[in-house]
Amino acid sequence: MSSLSRELVFLILQFLDEEKFKETVHKLEQESGFYFNMKYFEEQVQSGEWDEVERYLSGFTKVDDNRYSMKIFFEIRKQKYLEALDKQDRARAVEILVKDLKVFSSFNEELYKEITQLLTLDNFRENEQLSKYGDTKSARNIMLLELKKLIEANPLFREKLTFPTLKASRLRTLINQSLNWQHQLCKNPRPNPDIKTLFVDHTCQPPNGTRAAPPPNNPLVGGLPKGGAFPSLGTHSPFQPAAPPSATSLAGWMANSNTPAPHPAVAPGSATLAGPPNPVAGPLLKRPRTPPINATAMDYQSADSEHLLKRSRPVMQTVDEVNYAGSSLPQSSDDLPKMLARTLNQGSCVMSMDFHPVQQTILLVGTNVGEIGIWEVGSKERLTQRAFKVWDISVCSMPMQAALVKDPVVAVNRTMWSPDGTLLGVAFSKHIVHLYSYHLGGDLRPHREIDAHIGSVNDIAFSHPNKQLSIITCGDDKTIKVWDASTGHKQYTFEGHDAAVYSVCPHHKENIQFIFSTAVDGKIKAWLYDHLGSRVDYDAPGHWCTTMAYSADGTRLFSCGTSKEGESFLVEWNESEGAIKRAYSGFRKRSSNVVQFDTTKNRFLAAGDEFLIKFWDMDNASVLTSTDAEGGLPASPRLRFNKEGSLLAVTTNDNGIKILCNSDGLRLLRTFESRAFEGGKLFIDASVTSKTTGVTQPVAVSAPSGPIVGALPPAGSIAATVPVSRLIYTNSGVAILALASNAVHKLWKWQRNERNMSGKASASIAPQLWQPSSGILMTNDISETNPEEAVPCIALSKNDSYVMSASGGKISLFNMMTFKVMTTFMPPPPAATFLAFHPQDNNIIAIGMEDSTIQIYNVQVDEVKSKLKGHSKKISGLAFSNALNVLVSSGADSQVIVWSIDGWEKRRTKAIQIPAGRGSPSATGDTKVQFHNDHIRLLVVHETQLAIYDASKLERVRQWVPRDPFTSTLSAATYSCDSQLVYAGFSDGSVGVMDGESLLPRCRVAPSAYISQGIGSANIYPLVIAVHPSESLQFALGLSDGSVQVLEPLETEGKWGTGPSSDNGAVVSTPSSSAVGNQNSEQAAR
């Protein structure tokens, strides 16, 4: 907006204020964003009008604009949350937590968890940091002081906190001056003119009563507004309401496909695909055309902004809705992929993604460091990865060589599969396009290297002009080029854009092939495969970066773009009229990045905005639904559907990719898992295991360099002679909770500091033993029991707010923030021996009992819903499966039983097979169970063996029996968080790291690596193992001497040992040369 237009807004604000239009004044302040009225803001905060406070702020900043803005919104929403808690309005507090505060979880997950835990307190002032919170009024005043400092420091509010100095009624004065000037121009001026309107120029009527003609425009004041100084956009826009299709419409120029265009001739390439001339050429488009979005919009004309009338300005407000014939099918959001199914760690920022057109679970990825990768999302396996390098520098142009020498950093701008999936193209940020041929199994072979553009190559696409595969590129050099995909020879160069070309969208109608292109100045042009220039010239909404895409059936055209000011536009075009048919609403006002979009199923649109994926029904302008993909998305995530629309890939803010799915996508992934599982089973049976026993053959075990070992600080009252019975990481991964055999819990937390910026658990940084300010301990009920003989059990809620625990007495429910007992229930006998939360309902708990039963207990109503009988000895393990909808139990009777969750009836029973020489076939012992991440494979742990079962059939598919160098019995074992490894502890103190698929050992960690040698050290061994919830290489050991150790591999190694390999039917790993002493098969201490 011009400076005079901005000043006019201030004049209007002064006028409205003088006329006491208070609400309108503040509405204009907010909508214009020119003046932040601090006094009004203070009044709203002090009165607790939180919706108005945020609405007013939204005109000046958004949550993620900068750190000051984020802090402003956080303080406001936190205060609103605390006030709801103070009023004991838990429902309102939960609503605020979910709707308003969750956005901050992606920036500080630990803080969000602490805020969530306030819900568990009767009075949030029990929290140390909030202990000085007073009454509501004083709290608001204290917060207001902080907000004012943040606003004054925020650069977005610079020059917006002071209203300009104006004389009173300045707008009235200017109008009077204008009227006086108009009166002076009257041919028959009256001494006392009677002015009754401002809508037209003033003239005095002549004496005969007829109205004088308006004066001619005075050249000296020609820049001043005349009557009708606020012209309609439709009056001045060169894009008038559309007539029937002509050569200048999107449909018309195709009907007149060989009309010459008012642009420089394109430079021909080595091939020519021009069609025959058309003798019936229509009129040409001589000037830009912008769709008429709102015919009633106003544009203020002033002396320094008269040029605005020479172009059109789209105002995205009201657009006529158009209903398509045949589009009456119900549009259900259930068809959309919103369920989180996979998380992939790419390792660097993902810039572009594309699913294979045939193999629906193959995903192509390009990153900001020039890498490309191909993922099989079904198995979460990265099939291949390629770093950027120039294949043949000798044939590259000198500008490209100079650019690479000046700055060797190259990013991927776009990756795309060819229509049949046999080729893939990669556009880089410096000059180059790479074409690879793709073969099964992720085999990539270099096909063509093209020095395509001077500067960045911004987009690529494949097309079939003349039934021949071509690749289309565009770049910073303002050109679009077409290349033969087979030979790499250039076919066309299209010139005509006045700015860098941002994107291309090839398409065809019947037998006419064409290309849309968009540039960073907001221009949209269309080209045929000839040398006659662009056929149309439109202005995209937003006038900046825009991408275009057709629906899957090619009948509907959409574009999505973002302006330099951060305003985003998603629209559908009417090709026959060259007009916008529908504008979709629901974007935040300011986006820090260009919003990306995609279409699917001829029904839905999706765009990444406001840390969400938002979905629209193509026939409805309002947002249909949205998802945050369980958190962790950037402000404007990139996204891509697979061809069937059953999977959606979404980028995360930690250099990862989340795969969302619908019910069809889930079946697709499960089908893949089933195929992969069965194939792996056959492979193992054929080459590694004995077909008669199914037992893995002996293998050699590697011994990499010593691990990083972190000993947790001494646990106070947990004496060295009190063993650690249970150990668990919190779900956030920042703390470890231990339960000792004396019924006392201890909590260690890793603090966020300069050495540990993430605050995550680490073996190289010692955590702190944490207690609430009250100093109380979490101690289980042990009345009338002997805790030394009891079987401790523990379970943690998903949000880390509650821990449920027992040590032979009543089951206690503790608040993790205050350590207070919230309730106790189910006194013995019988005593609880294992606890597991229901995966869908934290109020339902499966409780394994000492008398061999399993009780399904509802905490909320304090009622046992079902009692399951089938074991003959105490329950030692419970595990739920979401995929199979079952509960699996194991007991000291070495039995494994599968129960249906729906009716709690028994489905299958299996007695584990004791290996020959390890005891009688009827031998018993504690048996533990744990599901693989696929919730189908089941890890069964017994002192004599590790085994994997297919839980759907309860059939064993793997078994590993300890043998040299693992000569003692198993004491504990568990899957890593990604199920790729199994960590196993042994009664001689050693620890084995096994492959999660084959159960073959990868390495052995010697006891000396983590146990200080001395008197009694030979009797120390792991009683329990806990794994980090997101770091697959980190685990913790709870030892028989009461200590806790955290282990990770050295950074130089980056993994635990080497993967097992097949050699003449046995798996062999090469021992590391860095092994210490005579134990060449052990991983020694650093």
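The shown structure was predicted, so the numbers you read here are calculated from the model rather than taken from an experiment. (Residues numbered from 1 in each chain as written. Predicted model: local features only at pLDDT ≥ 70, side-chain atom pairs only at ≥ 80, totals over all residues. Heavy atoms only, no water.)

Peer 1: Got a sec to walk through the overall build of the chain? Specific residues and values, please.
Peer 2: Helix and strand content of the chain: 13 helices and 58 strands. A total of 1086 residues make up the chain; the buried ones form 53% of that total. In the chain, of all internal contacts separated by at least 6 residues, the share reaching a separation of at least 24 is 56%. Summed over all atoms, the accessible surface of the chain reaches about 47600 Å², with 51% contributed by carbon and sulfur. (Helix = DSSP H or I, 4+ residues; strand = E, 2+ residues; numbered from the N terminus. Buried < 20%, exposed > 50% of the residue type's maximum accessible area, 1.4 Å probe, protein only. Contact = heavy atoms within 4.5 Å. Areas by Shrake-Rupley, 256 points an atom, 1.4 Å probe, with all protein chains shown as cover.)

Peer 1: Got a sec to walk through the nonpolar core? Specific residues and values, please.
Peer 2: Judged by nonpolar contacts, the single largest core of 41 residues is most densely connected at F36, F41, L57, Y81, L101 and L118. Residue assignment for this core shows that the elements contributing at least two residues are α3 (38–46), α4 (50–57), α5 (67–86), α6 (90–101), α7 (109–117) and α8 (136–153). Look past the residues within four positions of F36 in its chain and what remains in contact with it is F41, Y56, L57, F60, I151, F157, K160 and L161. Of all hydrophobic cores here, the second largest spans 23 residues; its members include I450, Y492, I515 and W527. (Core = buried A, V, L, I, M, F, W, Y, C linked by side-chain atoms within 4.5 Å.)

Peer 1: Kindly report on the sheet that holds strand β38 (residues 832–837), identifying the contributing residues and their values.
Peer 2: As summarised here, the arrangement of the 4 strands in space is β38-β39-β40-β41, forming an open sheet in which the pairing is antiparallel. Strands with a single pairing partner mark the edges of an open sheet, and in this sheet they are β38 and β41 (863–868). Adjacent strand axes in the sheet meet at a mean angle of 25 degrees, parallel and antiparallel pairs treated alike. Inspection of the sheet shows strand β39 (residues 844–849) paired to strand β40 (residues 854–858) by 5 bridges, in the antiparallel sense. Counterpart to I845 in the pairing with β40 is Y857. (Pairing = 2+ DSSP bridges. Axes fitted to C-alpha atoms, helices over the stretch in contact; angles between N-to-C directions.)

Peer 1: Pulling in residues and values, what's your account of α4?
Peer 2: The element α4 is largely enclosed, with a buried count of 6 among its 8 residues. Along α4, the positions that sit buried rather than exposed are W50, E52, V53, E54, Y56 and L57. Structurally, α4 contributes buried residues whose contacts are with α2 (22–32), α3, α5 and α8.

Peer 1: Tell me about the pairing of strand β2 (residues 350–355), and name the residues and values.
Peer 2: Most of β2 sits out of view: 5 of its 6 residues are buried. Pairing geometry for β2 and strand β3 (residues 362–367), over 5 bridges, is antiparallel. Its bridge partner being in β3, F355 is matched across the sheet by L363. The antiparallel pairing of β2 with β3 creates a hairpin that spans 6 residues between the two strands.

Peer 1: Tell me what's going on with α5, and back it up with residues and numbers.
Peer 2: Working note: α-helix, 3.6 residues per turn, so residues spaced by three or four point in the same direction. In this model α5 runs 28 Å from its N-terminal to its C-terminal C-alpha over 20 residues, within 8% of the 28 Å that 1.5 Å per residue would give. Summarising burial for α5: 15 of the 20 residues are buried, a large majority. You can read the cap of α5 off the contacts: a side-chain oxygen lies 3.0 Å from the backbone nitrogen of Y68, and it is on N66. Immediately downstream of α5, the backbone of Q88 shows phi near 60 degrees, a positive value. (Expected span 1.5 Å × (residues − 1). Polar contact = N/O pair within 3.5 Å; in protein donor to acceptor, adjacent residues only side chain to side chain.)

Peer 1: Explain the packing of α6 against α7 residue by residue, including any values.
Peer 2: Contact pair α6 / α7: the axes reach a minimum separation of 11 Å and the direction vectors enclose 165 degrees. Between α6 and α7, the angle is such that the two are roughly antiparallel. In this structure, the crossing between α6 and α7 has a hand that is right-handed. In this structure, α6 uses L97, V98 and L101 to contact α7, whose residues at the interface are Y112, I115 and T116. The residue inventory of the contact of α6 with α7, partitioned by class, reads 5 nonpolar, 1 polar and no charged. (Parallel < 35°, antiparallel > 145°, perpendicular 65-115°, else oblique. Left-handed = near helix turned anticlockwise from the far one by under 90°. Nonpolar A, V, L, I, M, F, W, Y, C, P; charged D, E, K, R; others polar.)

Peer 1: Describe the environment of K102, and please don't skip the residues or the numbers.
Peer 2: For K102, the position within the fold is in the loop between α6 and α7. Discounting chain neighbours no more than four positions away, the residues touching K102 are L97, Y112 and D628. Only 2.9 Å separates the side chain of K102 from the side chain of D628, close enough to count as a polar contact.

Peer 1: Could you give an account of unusual backbone geometry, naming the residues involved and the relevant values?
Peer 2: Residue P829 follows P828 across a cis peptide bond; omega there is -5 degrees. For the bond from P829 to P830, the omega torsion is -5 degrees, close enough to zero to count as cis. Tracing the backbone shows P830 in the loop between β37 (821–825) and β38. For K601, which is not a glycine, the phi torsion comes out positive at approximately 60 degrees. Of note, K601 is situated in the loop between β22 (597–600) and β23 (604–609).

Peer 1: Let's hear about the environment of M38: which residues, and what values?
Peer 2: For M38, the location among the structural elements is in helix α3. Relative accessible area serves as the criterion here: at 15%, M38 is assigned to the buried category. M38 sits 113 residues away from I151 along the chain, and the two C-alpha atoms are 9.3 Å apart. Not counting residues within four places of it along the chain, the set of residues in contact with M38 comprises K148, I151 and L161.

Peer 1: Describe the pattern of salt bridges, with residues and values.
Peer 2: Under the defined criterion, the tally for this structure stands at 35 salt bridges. Put simply, E83 and R140 hold a salt bridge, and the shortest N to O gap is 2.8 Å. With a gap of 57 residues between them, E83 in helix α5 and R140 in helix α8 connect regions that are remote in the sequence. With a relative accessible area of 5%, E83 lands in the buried category. Judged by its relative accessible area of 13%, R140 falls in the buried class. Between K523 and D539 there is a salt bridge, with its nearest N and O atoms 2.6 Å apart. (Salt bridge = Lys/Arg side-chain N within 4 Å of Asp/Glu carboxyl O.)

Peer 1: Pulling in residues and values, what's your account of a nonpolar patch on the surface?
Peer 2: A cluster of nonpolar side chains, namely L198, F199 and V200, defines an oily patch on the protein surface of about 370 Å² accessible area. Mapping F199 onto the fold places it in the loop between α9 (170–184) and α10 (233–236). The class of F199 is exposed, set by a relative accessible area of 74%. (Patch = residues over 30% accessible without salt bridge, like charges linked within 9 Å, V, L, I, M, F, W, Y side chains within 5 Å.)

Peer 1: A description of the pairing of strand β30 (residues 724–729) should follow, citing residues and the corresponding values.
Peer 2: For β30, a buried count of 5 out of 6 residues is recorded, marking the element as mostly surrounded by other parts of the structure. Strand direction decides the pairing type here: β30 and strand β31 (residues 735–740), joined by 5 bridges, are antiparallel. If you follow V724 over to β31, its bridge partner there is A740. Turn length for the β30-β31 hairpin, with the two strands adjacent in sequence and antiparallel, is 5 residues, and the turn residue G733 shows positive phi of about 80 degrees.

Peer 1: Account for the sheet that holds strand β14 (residues 501–509), naming residues and giving values.
Peer 2: What the 4 strands build is an open sheet, ordered β14-β15-β16-β17; its pairing is antiparallel. Strands with a single pairing partner mark the edges of an open sheet, and in this sheet they are β14 and β17 (536–539). Each strand axis lies, on average, 20 degrees off the axis of its neighbour in the sheet, ignoring direction. With 4 bridges joining them, strand β16 (residues 523–528) and β17 adopt antiparallel strand pairing.

Peer 1: Lay out the confidence of the model for the chain with the relevant residues and their values.
Peer 2: Across the chain, the average pLDDT comes to 79, with 79% of residues at or above 70. Across residues 209–248, confidence stays below pLDDT 50; counting only partners more than four residues off in sequence or on other chains, it has 70 contacts. This stretch, residues 715–720, has a pLDDT under 50; its non-local contacts, to residues over four places away or in other chains, come to 16 contacts. (pLDDT = per-residue confidence, 0-100.)

Peer 1: Give me the lowdown on the environment of T599, citing residues and values where you can.
Peer 2: With respect to the helices, strands and loops of the structure, T599 is situated in strand β22. C-alpha separation for the pair T599 and A549, spaced 50 residues apart in sequence, amounts to 7.6 Å. Sequence-distant contacts of T599, that is, excluding residues within four places in its chain, are made with Y550, S551, A552, F558, F604, L605, M618 and F641. Side-chain polar atoms of T599 contact the backbone oxygen of Y550, separated by 3.4 Å.

Peer 1: Talk me through the packing of α3 against α4; I want residue IDs and the actual numbers.
Peer 2: One can describe the packing of α3 onto α4 by two numbers: an axis separation of 8 Å at closest approach and a directional angle of 150 degrees. Taken together, α3 and α4 sit at an angle that is classed as roughly antiparallel. Between α3 and α4 lies a crossing of left-handed hand. The segment α3 lies against α4, with Y40, F41, Q44 and V45 engaging W50, E52, V53, Y56 and L57. Per-class residue counts for the contact of α3 with α4 are 7 nonpolar, 1 polar and 1 charged.

Peer 1: Outline the packing of aromatic side chains, supporting the account with residue identities and numerical values.
Peer 2: Summed over all chains, the structure comprises 29 aromatic pairs. With a centroid separation of 5.3 Å and 20 degrees between ring planes, the pair formed by F494 and W527 is classed as stacked. Of the two residues, F494 is situated in strand β13 (residues 490–495) and W527 in strand β16; the sequence distance between them amounts to 33 residues. Here W527 falls in the buried class, since its relative accessible area comes to 0%. (Phe/Tyr/Trp six-rings, centres within 6.5 Å; stacked < 30°, edge-to-face > 60°.)

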